[in-house]
Amino acid sequence: MNDPEKAGLLFLNAKAPPRTSPKQFFTRALARKLGAELIGTYFLTTVVAVSDHAEFPAASGFALAGLVYALGHISGAHLNPAVTAAVSGVNKMDGMTALAYVAAQVSGAFVAGVQQRLELEDVGLDLSFPSIMPNASLASAFVSELTMTMALALVVLNVVATKSQENNMFFGTAIGLTFAAASNAASLVSDGCLNPAIGIALPAVAGEFSDIWLYVLAPVLGGFLAALVFTLTVDPAQVKQK
């Protein structure tokens, strides 16, 4: 039997890689993580929905810091599809789990949006949602969301995924303050959303769909760009294993 025949026989006899069944994938441990992501994103979205544009960066930064401390030991407290994209981009999370995280985050954001719209209407107030500033161009808003989300995701990766930061007890504060600063920097152009779950849910609940694509695409690209910068700048020996 010649080599091509052997190769063909081996190919025919080769076993397909084992598939992960839904039961094997959706474990109790994953369910706990998804629950934490849903609840955390729900609370974060609630803060945005009831805050005016001037209050949003500081209020959300404080909320995010507290949630990172509270839920970080359960799910990592991403609470943001862009952060999940960054974590996945440095191979700290597989694609299926990342998609499950995003589904939980968006679900939590929608629950918060619907609840707050009903409650605010009851007292004669409007739901707050991210929107591009009247005099800002789409290009400026896109770049603003992309770069500021990259800054946020890069801080997250450096404080949670490097060995030198293992004993850092201020990781939640670092993430919350970075979000507040980055959101404030972007607020005059894109409103400083920096979170696709919130950028989808709140405008959709408010009936404003025109800019949702920007609040999804720009932050997600920012997350992947943060993963690239992290990979290029951090010593591989300092990166924690999965």
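Our subject is the structure that appears above.
We now turn to the structure provided with this report. This is a predicted model, so every value here is computed, not measured.

**Remarks on the overall build of the protein chain**
Stage number 1. Counting its secondary structure elements, the protein chain contains ten helices and zero strands.
Stage number 2. For the protein chain, the sequential pattern of α-helices and β-strands runs α-α-α-α-α-α-α-α-α-α.
Stage number 3. The principal-axis extent of the C-alpha atoms belonging to the protein chain is close to 80 × 40 × 40 Å.
Stage number 4. In the protein chain, which comprises 242 residues, the proportion classed as buried is 43%.
Stage number 5. In the protein chain, of all internal contacts separated by at least 6 residues, the share reaching a separation of at least 24 is 78%.
Stage number 6. Positive and negative charge centroids in the protein chain, built from 12 and 16 side chains respectively, lie 22 Å apart.

**Quick word on the side chain of threonine 46**
Stage number 1. Along the chain, the position of threonine 46 falls in helix α3 (residues 28-49).
Stage number 2. Discounting chain neighbours no more than four positions away, the residues touching threonine 46 are Ala112 and Gln116.

**Some remarks on a nonpolar patch on the surface**
Stage number 1. Judged by side-chain polarity, Leu138, Trp213, Leu217 and Leu221 come together as a nonpolar surface patch covering roughly 360 Å² of accessible area.
Stage number 2. No other element matches the three residues that helix α10 (residues 212-233) contributes to the nonpolar patch.
Stage number 3. For leucine 138, the location among the structural elements is in helix α7 (residues 138-160).

**Remarks on the pattern of salt bridges**
Stage number 1. A full pass over the atoms with the stated rule returns one salt bridge.
Stage number 2. In this structure, the salt-bridge partner of glutamate 121 is arginine 117, at a minimum N-O distance of 3.0 Å. In this pair, glutamate 121 and arginine 117 both sit in helix α6 (residues 95-122), four residues apart, roughly one turn of the helix.
Stage number 3. The exposure class of glutamate 121 is partly exposed, given its relative accessible area of 46%.
Stage number 4. Classification of arginine 117 as partly exposed rests on a relative accessible area of 34%.

**Focus on the packing of aromatic side chains**
Stage number 1. Under the defined criterion, the tally for this structure stands at three aromatic pairs.
Stage number 2. Ring centres of tyrosine 69 and phenylalanine 171 lie 5.2 Å apart, and the angle between their planes is 55°; this geometry places the pair in the tilted category. A residue pair is termed long-range when its members are at least 10 positions apart, and tyrosine 69 in helix α4 (residues 56-75) and phenylalanine 171 in helix α8 (residues 171-186) qualify at 102 residues.
Stage number 3. A relative accessible area of 35% means that tyrosine 69 is categorised as partly exposed.

**A look at the environment of serine 107**
Stage number 1. Note that serine 107 resides in helix α6.
Stage number 2. In sequence terms serine 107 and asparagine 80 are 27 residues apart; their C-alpha atoms lie 12 Å from each other.

**Some thoughts on the packing of α7 against α10**
Stage number 1. Taken N-terminus to C-terminus, the directions of α7 and α10 make an angle of 40°; their axes are 7 Å apart at the nearest point. Relative to α10, the element α7 is oriented oblique. Here the hand of the crossing between α7 and α10 comes out right-handed.
Stage number 2. Of the residues belonging to the contact of α7 with α10, the class tally is 20 nonpolar, four polar and one charged.

**Structural notes on the packing of helix α5 (residues 81-89) against α6**
Stage number 1. As a packed pair, α5 and α6 sit with axes 9 Å apart at the nearest point and diverge in direction by 170°. For the element pair α5 / α6, the angle class is roughly antiparallel. Contacts between α5 and α6 involve Pro81, Thr84 and Ser88 from the former and Ala98, Tyr101, Val102 and Gln105 from the latter.
Stage number 2. A per-class count over the contact of α5 with α6 returns four nonpolar, three polar and no charged.

**Quick look at the environment of glutamine 238**
Stage number 1. Locating glutamine 238 in the fold gives a position in the segment after α10.
Stage number 2. Residues glutamine 238 and tyrosine 215, spaced 23 residues apart in sequence, show a C-alpha to C-alpha distance of 32 Å.
Stage number 3. Aside from chain neighbours lying at most four places away, what touches glutamine 238 is Ala161, Thr162, Lys163 and Ser164.

**Regarding the environment of alanine 98**
Stage number 1. Mapping alanine 98 onto the fold places it in helix α6.
Stage number 2. A sequence separation of ten residues divides alanine 98 from serine 88, and the C-alpha atoms of the two residues are 6.7 Å apart.
Stage number 3. The contact partners of alanine 98, leaving out residues within four places of it in the chain, are Thr84, Ser88 and Met93.

**Section: the nonpolar core**
Stage number 1. Residues Leu44, Leu64, Ile175 and Phe230 are the most contacted members of the largest nonpolar core, which totals 52 residues.
Stage number 2. Going through the elements one at a time, α3, α4, α5, α6, α7, α8, α9 (196-206) and α10 are the ones with two or more residues in this core.
Stage number 3. The element best represented in this core is α7, accounting for eight residues.
Stage number 4. Ignoring sequence-local partners within four residues, the contact set of leucine 64 consists of Leu44, Leu79, Ile175 and Phe179.

**Describing α3**
Stage number 1. Here α3 contains 22 residues, and its C-alpha end-to-end distance of 31 Å stays within 8% of the 32 Å for a straight helix at 1.5 Å per residue.
Stage number 2. When we look at burial in α3, the residues that qualify are Leu30, Leu34, Ala36, Glu37, Gly40, Thr41, Leu44, Thr45, Thr46, Val47, Val48 and Ala49.

What counts, and at which threshold
Residues numbered from 1 in each chain as written. Predicted model: local features only at pLDDT ≥ 70, side-chain atom pairs only at ≥ 80, totals over all residues. Heavy atoms only, no water. Helix = DSSP H or I, 4+ residues; strand = E, 2+ residues; numbered from the N terminus. Buried < 20%, exposed > 50% of the residue type's maximum accessible area, 1.4 Å probe, protein only. Contact = heavy atoms within 4.5 Å. Lys, Arg positive; Asp, Glu negative; His and termini not counted. Charge placed at Lys NZ, Arg CZ, Asp CG, Glu CD. Patch = residues over 30% accessible without salt bridge, like charges linked within 9 Å, V, L, I, M, F, W, Y side chains within 5 Å. Areas by Shrake-Rupley, 256 points an atom, 1.4 Å probe, with all protein chains shown as cover. Salt bridge = Lys/Arg side-chain N within 4 Å of Asp/Glu carboxyl O. Phe/Tyr/Trp six-rings, centres within 6.5 Å; stacked < 30°, edge-to-face > 60°. Axes fitted to C-alpha atoms, helices over the stretch in contact; angles between N-to-C directions. Parallel < 35°, antiparallel > 145°, perpendicular 65-115°, else oblique. Left-handed = near helix turned anticlockwise from the far one by under 90°. Nonpolar A, V, L, I, M, F, W, Y, C, P; charged D, E, K, R; others polar. Core = buried A, V, L, I, M, F, W, Y, C linked by side-chain atoms within 4.5 Å. Expected span 1.5 Å × (residues − 1).

Read these as spatial facts, not as claims about activity.
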